[in-house]
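# Observations on the model geometry
Residue-level listing of the chains:
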Amino acid sequence: MNYQEILQQARGSMGPYCKACPVCNGMACKNTVPGPGAKGLGTGAIRNYQKWQELCVNMDTICENIPVDTTARLFGREFVLPVFAAPVGAMQLHYGDKYTDLEYNDILVSACADAGIAAFTGDGTNPAVIEAAANALAKAEGKGVPTIKPWNIDLIRQKMGMVKPSGPIAIAMDIDAAGLPFLKNLTPPAGSKTVEELAEIAKIAEVPFILKGIMTVKGALKALEAGASGIVVSNHGGRVLDQCPATAEVLPAIVDAVGGKMTVLVDGGIRSGMDVFKALALGADGVLIGRPFVTMVYGGGAEGVQVYVDKLKAELADTMAMCGAHSLSDITRDMIYGF
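Worth saying up front: this structure is predicted, and the values here are computed from it rather than measured. (Residues numbered from 1 in each chain as written. Predicted model: local features only at pLDDT ≥ 70, side-chain atom pairs only at ≥ 80, totals over all residues. Heavy atoms only, no water.)

Turning our eyes to something else, we now look at unusual backbone geometry. The phi dihedral of Ala20 falls on the positive side, at around 50°, and the residue is not glycine. Here Ala20 lies in the loop between helix H1 (3–11) and helix H2 (43–54). Even without a glycine there, the phi angle at Glu141 is positive, about 55°. You can see Glu141 is positioned in the loop between helix H5 (127–139) and strand E6 (144–148). Glu141 gets classed as exposed once you look at its relative accessible area, which sits at 60%. (Helix = DSSP H or I, 4+ residues; strand = E, 2+ residues; numbered from the N terminus. Buried < 20%, exposed > 50% of the residue type's maximum accessible area, 1.4 Å probe, protein only.)

Encoded structure:
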């Protein structure tokens, strides 16, 4: 199947909120939580997407005519692209009955590993979700990043103990999940963490620790102080707080503050290889993409993941070639217009 055929297949497998739109821009699903849309008015997801589109790329083909290399090295591993599949959970609640969280992660992790990238896996109140993620990671020889929610320290230690034997690339925490409704008033409690608490969690991880959900320079500096190896500039797809800035808007200042001191990833509305190029030009080391991978799995399973990765790679390589960048390290901020 090609990309359009997989998209068409997904439309018969998803719903009622996700429409598997031709462009996943947050418009058709706004204000649908539960569902794939953003919180409140739904402006968060829409703004994320729109800000990438407002940036233009600067064409320059007066350069050496040599092949383009999209290979990235992140967290000690080599990938065909600087792209990760983002963690997504509550599949049946948000996207339709076709796959449980366990089934989705099982397909996604192995398919991403086979395609030469890696997937972040999700977490939830059901202990079976993290157990299944650990099993999927073990089958993929650790080629993935389990993401654990900001539970209390005892549950974090327990969940990290479940995933560490799989030898993951890194372990992440979506610290912004503190704003998710289902985490409120839980026993054990979950929520925000201090720098000191995060430092303890980073030590427990024993592998690179990534904090997802950083939207300010102040937050990035606190993550660095806590010993995080990397951050994901993310507003959780607009799902935890309405009327946040877009990730593209805050990324450059965060990169200027902590770039080179830790790995800086970004997500939110990134849909194409050209969007990936723009994120790298703003200083990111790599990106996470969420909802399009869901659509590809629902529409084509593992084949859908491979088709999407191939599409992203071709788009990124074409943009790089037309802007005079032959490797990822050649991509610089002056290659975009409108920043």
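Moving on, we get to the layout of surface pockets. In this model, the largest pocket occupies a volume close to 840 Å³. What lines the largest pocket is a set of 44 residues, among which Val88, Gly89, His94, His236 and Arg239 lie closest to the centre. Mapped by element, the contributors of at least two residues to the lining of the largest pocket are H2, helix H3 (91–94), helix H4 (101–115) and strand E11 (286–289). In terms of residue class, the lining of the largest pocket is built from 18 nonpolar, 17 polar and nine charged. By volume, the second largest pocket is sized at about 520 Å³. As for the second largest pocket, its lining consists of 21 residues, and the residues nearest its centre are Ile175, Asp176, Gly213, Ile214 and Met215. (1 Å grid on protein atoms, 1.4 Å probe; cavity = no way out; pocket = protein on both sides within 12 Å on 5 of 7 lines; lining within 4 Å. Points joined across faces, edges and corners; volume = space filled by probe spheres on them. Nonpolar A, V, L, I, M, F, W, Y, C, P; charged D, E, K, R; others polar.)

Helix length check: helix H9 (residues 247–258) (12 residues) gives 16 Å between terminal C-alpha atoms against 16 Å at 1.5 Å per residue, within 8%. Summarising burial for H9: nine of the 12 residues are buried, a large majority. Inspection of H9 places Thr247, Ala248, Val250, Leu251, Pro252, Ile254, Val255, Ala257 and Val258 among the buried residues, and these make up the whole buried set. Tucked into the core, H9 has its buried residues touching H2, strand E8 (209–214), helix H8 (217–225), strand E9 (230–233), strand E10 (263–266) and helix H10 (273–281). Of the residues flanking the end of H9, it is Gly260, one or two places downstream, whose phi is positive at about 85°. (Expected span 1.5 Å × (residues − 1). Contact = heavy atoms within 4.5 Å.)

A separate point is H4. For an α-helix the count is 3.6 residues per turn, leaving residues at separations of three or four pointing the same way. With 15 residues, H4 ought to run about 21 Å at 1.5 Å a step, and its terminal C-alpha atoms sit 21 Å apart, in line with that. Those residues of H4 lying buried are Asp101, Tyr104, Asn105, Leu108, Val109, Ala111, Cys112, Ala113 and Ala115. Buried residues in H4 make contact with strand E4 (83–85), H3, strand E5 (118–121), H5 and helix H11 (291–322). The positive-phi residue at the C-terminal boundary of H4 is Gly116, with phi of around 95°.

This part is about the pairing of E9. Of the two faces of E9, the one lined by Gly230 and Val232 and the one lined by Ile231 and Val233 are each fully buried. In the sheet, E8 pairs with E9 via four bridges, with the strands oriented parallel. What sits directly across from Lys212, in E9, is Val232. In terms of handedness, the path from E8 via H8 over to E9 forms a crossover that is right-handed. Of the strand pairs in this sheet, E9 and E10 are connected by four bridges, and their pairing is parallel. Bridging across to E10, Val232 finds its partner in Leu265. Taken together, E9, H9 and E10 constitute a β-α-β crossover, and its handedness is right-handed. (Pairing = 2+ DSSP bridges. Right-handed = clockwise from strand over helix to strand, strands pointing away.)

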